[in-house]
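Listed below, chain by chain, are the residues.
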Amino acid sequence: MKLFSRFMPSSGMRQVPKSVTIHAVLLAYTVIALFPIIVVVINSFKERRAIFRDPLGLPDSSSFTLVGFEQVLLRSDFGLYSWNSLVVTILAVGLVLLLGAMAAWALTEYKFKGNLLITFLFAMGIMIPIRLGTVSILSLMVNLNLVNTLTALVLVYIAQGLPLAVYILSEFVRTIPKELTEAARCDSVSEYKIFFCVILPLLKPAMATVAVFTMIPIWNDLWFPLILAPGEETRTITLGVQQFVGQYVTDWNSVLSALTLAIVPVLILYTIFSRQLIRGLTSGAVK
Amino acid sequence: MNPSNQHDEKKPFPWHLVFFLGPGLLIYVIFSVYPLLDTLVLSLYNEQQGQSHFVGLQNFITLITDDAWSHAFWNALSNNFTFFAIHMLVQNPIGLILAVLLSSPKLRLSGTYRTLIFMPTMLSVVIIGFVWQLLLSPIWGISENFLYSIGLGEYFDAWLGKESSALITLAFISVWQFVGIPMMLIYATLLNIPDDIVDASVVDGANSFQTFWHIKLPLILPTIAMVSILTFVANFNAFELIYAVKGALAGPNFSTDLMGTFFYRTFFGFQLQQGSASMGAAVATLMFLIILVGVMLFLFFIQRRIQRFQF
Amino acid sequence: MASVKLNNIKKRFGDVDVLHGIDLDIKDGEFVVLIGESGCGKSTLLRLLSGLEDITEGDLYIDEERVNGRSPAKRGIAMVFQSYALYPHMNVFKNMAFGLKISGKDKAFVNNKVMEAAKKLKIDHLLERLPRELSGGQRQRVAIGRAIVRDPKVFLFDEPLSNLDASLRVQTRVELGKLHQELKATVVYVTHDQVEAMTLGDKIVVMNKGRVEQVGAPLDLYHHPKTQFVAAFIGSPKMNFLTAKISQPDPENTQLVLESGRVVQACVDTSSLNKGDLVQIGIRPEHIALECEHNTVEGTVTLIEHLGELSYLYIEIGQEGEMVLKVDGDNQHQAGDKITFGIQPNRLYLFDHQGKALTRVNAHTSAAIPL
């Protein structure tokens, strides 16, 4: 009896159908969201014939194969692509966080001429996609001799990520009580020390949010790698997969394996960090 | 106190401002603001044999009226609005419904649903494009078999390959991927509505639909407006999905061409047509203006009327 | 208006018992205050009454009708929330009219009702304003108005004054008292402020850890606390407690020894206890007199708080610790003074080791300071 009542909403029968409906809808949508991904991942471990005969079946001892993965690793440099993506993403996100926090602090804490103009300039960047400047960015990179370097990507991604970072972090800086900095100034602590020792640690939760918002578009971007760094040595994972799939489109094992190789690491990272990530998304930083 | 005393202590040059603001602002201006302005300027020039000269609005006139260009331009623009409309009509309502369901009080597993439904949003558009290309492929036949199994088999078609359905199919793929974003933003706003306000409406006798309609919906309206403008901007930024699935030519017969792919082709050229930096800049400028107008309309007509609520 | 009856009401959240069986009778038109420390279950109990939370076990009757599982609106209750919970996007009129509109009342009726309530609460000039354009006190009135328009059988108040500043709180408290007399409504009012409880309540329910500690009229609780908890909770400054040992159990005149060896007489029946049992002596600050010759104690003044018509003396009395005295405002003592004071034996309270009050004999029940 006790066990029974624990699983029943205590208000009785009236609410049961409602919560069942909610679960049914959410479950159905979860299936819709996951099904395509799962199909691709399980078929990447199957032989070509099994892929077509029974696309929804799990690989068994007779159909299991890693030939697709072997082909992918043989024909292209997935390790290098992933490394490139990792380097670009980490450098760009790290610098966006640091420079963004510094700029947000300067713009909210100090009164100076041009403050409003600079704030407005950054705000514009949230709405206007940086891609629209691609024509000039490319010629700029040509002039700076940065085409086909990861540096070009890092620089562009910093410029791309800064506006939102400055906006979110400024909102957050505003919530930090003035007394904190005023107390520090009364003890004649330098402005640099105030920022790095007092403010920066307080910004951590907001920076987690910014990191999420900045990281995903960078990792997944195709446009700038395609235009600024299409060379074999600087290819990112997204571009690498795109090129590979385009080239071997009829080799189903390879295509499925390449997609799986691109999907699985992201999903593993996502599962590990999803709690922080979603907390960041829902923390109200985007009010 | 003598007022002149204040001048005695000369204010030191604010080096800390340069230190804090300098690096970020420098990178932002060089790699975002300057290229954008330069693009706007470039769109007024024409280059021939490495020489560029000022041509005023000629590039735009060519784009909009010249037979070689205008058809492609208007086609891409109208496709882009179709793409946007489908997102507004499908993605955002579904996101809203999911957010409302997720925020139902005392829902078990709501964290799990949230995490899983948001999963596709994390992946690259390119990957998602390929995944769906495979799933919808008549060669593989997964979708076809699925439709047969629920009795709708005869409706199956090579949607991605047909001029009439390719764009809509791609839009739905994009909706499928990005529904997590409106869901999360609206969900966050719903969580911010104090329980007391919802309780008060229950005490006032409202059923759950009435509570949603009269209390919650007005309070999440600002978020829905923000989601709409984000959708608008993102749709004019869309390129990857089309490029991955259909290539730069946005086939079949340009039926899936969006401003993003049109911009890319204009700039880099395709098949027989030479790429042109100044024409590319003109397309980018038009996109810039469309986004600007959209954002302005939003700020002046919608944002102004919708109040944000402090709880 | 209606009576409310609670019969062994229990509430569990998962495996946690929050309320352990509450019995309570509320008469028609009675103003009942639920009081206790935060987390004692008073707000949960209010939510059970409102129907916002489900009752795990027990029966709830409003107007002799069992209403368990009935939705809040159908119970005929109205609630005023601590945060006021005004709908931020609706103006004052719409806030007050919402419940009536939802129930499908016609426009003229709604208008009448809202205007009537608004006039009563003197907010009829604010009807077009949004909640954020109102002061705290005005919001409070709107929240009450929203409850009034629905003519509920029972009003539920959840700490309605705690968000107001001190002076406004006193003023609103008085107005609430008048409003209750005017409406003759049944009210259940949750607070942690004993002054609110004493001044507003016809009946006070002191709650502790999910149980009812004592129910009674305000003065009843003040004079005859059944437990040490209630004694400590009612009265300000708090009752002083000293640990003592019984040296002579007696049905009416007990002799006790304090830790310092001082002997104290108390008119309390301790016949149920044994010699050597430890008890707590309770002494209200207002019952200690500087001129009293009974049970005299010496101590040193450590701090004086002047409130005007009276002062609080904080006195260090050696091993037993500190005591508070309420004395006349124009006394001339200073910190560091050595003073002697005493307590009439019939003013003392004794509590056994479980915190239960022992019966007092010939108890003095006048609040005046004895001379």
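Residues numbered from 1 in each chain as written. Chains lettered and ligands numbered in written order. Predicted model: local features only at pLDDT ≥ 70, side-chain atom pairs only at ≥ 80, totals over all residues.

Moving on to the overall build of chain C. For chain C, the helix and strand inventory stands at nine helices and 19 strands. By its C-alpha atoms, chain C is 75 × 45 × 35 Å across when sized along the principal axes. Every one of the 371 residues in chain C was classed for burial, and the buried ones make up 42%. Residue pairs at least 24 apart in sequence account for 64% of intrachain contacts in chain C once pairs closer than 6 positions are excluded. (Helix = DSSP H or I, 4+ residues; strand = E, 2+ residues; numbered from the N terminus. Buried ≥ 20, exposed ≤ 12 C-beta atoms within 10 Å, placed from the backbone. Contact = placed C-beta atoms within 7 Å.)

Attention now goes to the interface of chain B and chain A. Contacts between the two partners involve 63 residues from chain B, matched on the other side by 65 residues from chain A. Broken down by secondary-structure element, the contributors of at least two residues to the side of chain B that touches chain A are α2 (15–42), α4 (67–102), α5 (110–122), α6 (125–136), α9 (180–192), α11 (208–237), α12 (240–246) and α14 (277–303) of chain B. Looking at which element gives the most residues to the side of chain B that touches chain A, the answer is α2(B), with 17 residues. Its residues assigned to classes, the side of chain B that touches chain A shows 50 nonpolar, ten polar and three charged. (Nonpolar A, V, L, I, M, F, W, Y, C, P; charged D, E, K, R; others polar.)

In this section: the confidence of the model for chain A. Residue and element names in this part refer to chain A. Here chain A averages 84 in pLDDT, while 92% of its residues score no lower than 70. Confidence, expressed as mean pLDDT per element, reaches its minimum in chain A at helix α1 (residues 2–7) with 39 and its maximum at helix α5 (residues 78–109) with 92. Contacts of residues 1–15 to residues separated by more than four positions or lying in other chains number nine contacts, the stretch itself having pLDDT below 50. (pLDDT = per-residue confidence, 0-100.)

Glancing now at the UniProt feature "domain: ABC transmembrane type-1" (unreviewed entry) in chain A. When the UniProt feature table is mapped to this numbering, "domain: ABC transmembrane type-1" (unreviewed entry) covers residues 82–273 of chain A. This span, residues 82–273 of chain A, is 80% helix and 0% strand, and a straight line between its end C-alpha atoms measures 19 Å. (UniProt positions renumbered as here; feature names shortened; annotations may be inferred.)

Bringing the packing of helix α13 (residues 237–247) of chain A against α6(B) into the picture now. Packing of α13(A) against α6(B) leaves a shortest axis separation of 9 Å and a crossing angle of 30 degrees. It follows from the interaxial angle that α13(A) and α6(B) lie roughly parallel. Judged by residue contacts, Thr238(A), Val241(A), Gln242(A) and Val245(A) of α13(A) engage Val126(B), Ile127(B) and Phe130(B) from α6(B). Of the residues assigned to the contact of α13(A) with α6(B), the class counts are five nonpolar, two polar and no charged. (Axes fitted to C-alpha atoms, helices over the stretch in contact; angles between N-to-C directions. Parallel < 35°, antiparallel > 145°, perpendicular 65-115°, else oblique.)

Let us look at the UniProt feature "domain: ABC transporter" (unreviewed entry) in chain C. Under the feature "domain: ABC transporter" (unreviewed entry), the UniProt entry names residues 4–234 of chain C. Span residues 4–234 of chain C is 38% helix and 26% strand, its end C-alpha atoms 25 Å apart.

Here chain A is described as being made up of domain 1 (2–71) and domain 2 (76–247). Look at where the C-alpha atoms of domain 1 of chain A and domain 2 of chain A centre, and you get two points 37 Å apart. (Domains from an automatic or database assignment.)

Residue and element names in this part refer to chain C. Taken together, the six strands give an open sheet; going across it, the order is β6-β7-β8-β3-β9-β10, and neighbouring strands pair in mixed fashion. Of all the strands in the sheet, just β6 (77–80) and β10 (211–216) have a single pairing partner and so form its edges. For this sheet, the mean inter-axis angle between neighbouring strands, taken without regard to orientation, is 20 degrees. Both strand β3 (residues 31–35) and strand β9 (residues 203–208) contribute to a ladder of four bridges, which runs parallel. If you follow Val32 over to β9, its bridge partner there is Lys203. (Pairing = 2+ DSSP bridges.)

Across the chain, the bulk of peptide bonds are trans and the bulk of non-glycine residues have phi less than zero. The omega torsion of the bond from Ser236(C) to Pro237(C) falls at -5 degrees, within 30 degrees of zero and hence cis. For Pro237(C), the location among the structural elements is in the loop between α9 (228–233) and β11 (240–248). Its identity is not glycine, yet Ser188(A) carries a phi of approximately 45 degrees, on the positive side. Along the chain, Ser188(A) turns up in the loop between α9 (178–186) and α10 (191–202). Positive phi values are uncommon outside glycine, yet Ala85(C) reaches one of about 50 degrees.

Note on placement: Val39(A) falls in helix α2 (residues 16–43). Look at Val39(A) and you get partly exposed, because 18 C-beta atoms sit within 10 Å. Distance from Val39(A) to Leu256(A), taken between C-alpha atoms, is 9.5 Å for residues 217 residues apart in sequence. Contacts of Val39(A), omitting those with residues within four sequence positions, involve Pro55(A), Leu56(A), Leu135(B) and Ile142(B).

Within the largest apolar cluster, 264 residues are counted, with the highest numbers of intra-cluster contacts made by Val156(A), Leu169(A) and Leu259(A). Counting residues per element, this core draws most heavily on helix α8 (residues 150–175) of chain A, which supplies 18 residues. Apart from the residues lying within four places of it in its own chain, the contact partners of Val156(A) are Ile130(A), Ile137(A), Phe224(A), Leu228(A) and Phe31(B). (Core = buried A, V, L, I, M, F, W, Y, C linked by C-beta atoms within 7 Å.)

Time to look at the domain arrangement of chain C. Taken domain by domain, chain C holds domain 1 (4–229) and domain 2 (237–351). Just the C-alpha atoms count here: the centres of domain 1 of chain C and domain 2 of chain C sit 39 Å apart.

This brings us to the packing of α9(B) against α11(B). Residue and element names in this part refer to chain B. The geometry of α9 relative to α11 is characterised by a closest axis approach of 9 Å and an angle of 145 degrees between their N-to-C directions. As α9 packs across α11, the resulting crossing turns out to be right-handed. Note on element contacts: α11 touches α9 through Lys216, Ile220, Thr223, Ile224 and Val227, opposite Pro182, Leu185, Ile186, Thr189 and Leu190. When grouped by side-chain class, the residues that make up the contact of α9 with α11 number seven nonpolar, two polar and one charged. (Left-handed = near helix turned anticlockwise from the far one by under 90°.)

Below, the discussion takes up the environment of Thr199(C). Residue and element names in this part refer to chain C. Position of Thr199 among the secondary structure elements: in helix α7 (residues 194–200). Taking the number of C-beta atoms within 10 Å as the measure of exposure, Thr199 has 15 and is therefore partly exposed. Once residues lying within four places of it in the same chain are set aside, the contact partners of Thr199 are Arg173 and Gly177.

Moving on, we come to the environment of Arg169(C). Residues and elements named next belong to chain C. Here Arg169 shows up in helix α6 (residues 166–183). Taking the number of C-beta atoms within 10 Å as the measure of exposure, Arg169 has 20 and is therefore buried. When the C-alpha positions of Arg169 and Glu196 are compared, they lie 9.3 Å apart, and in sequence the two are 27 residues distant. Not counting the four nearest positions on each side in its chain, Arg169 is found in contact with Leu161 and Leu164.

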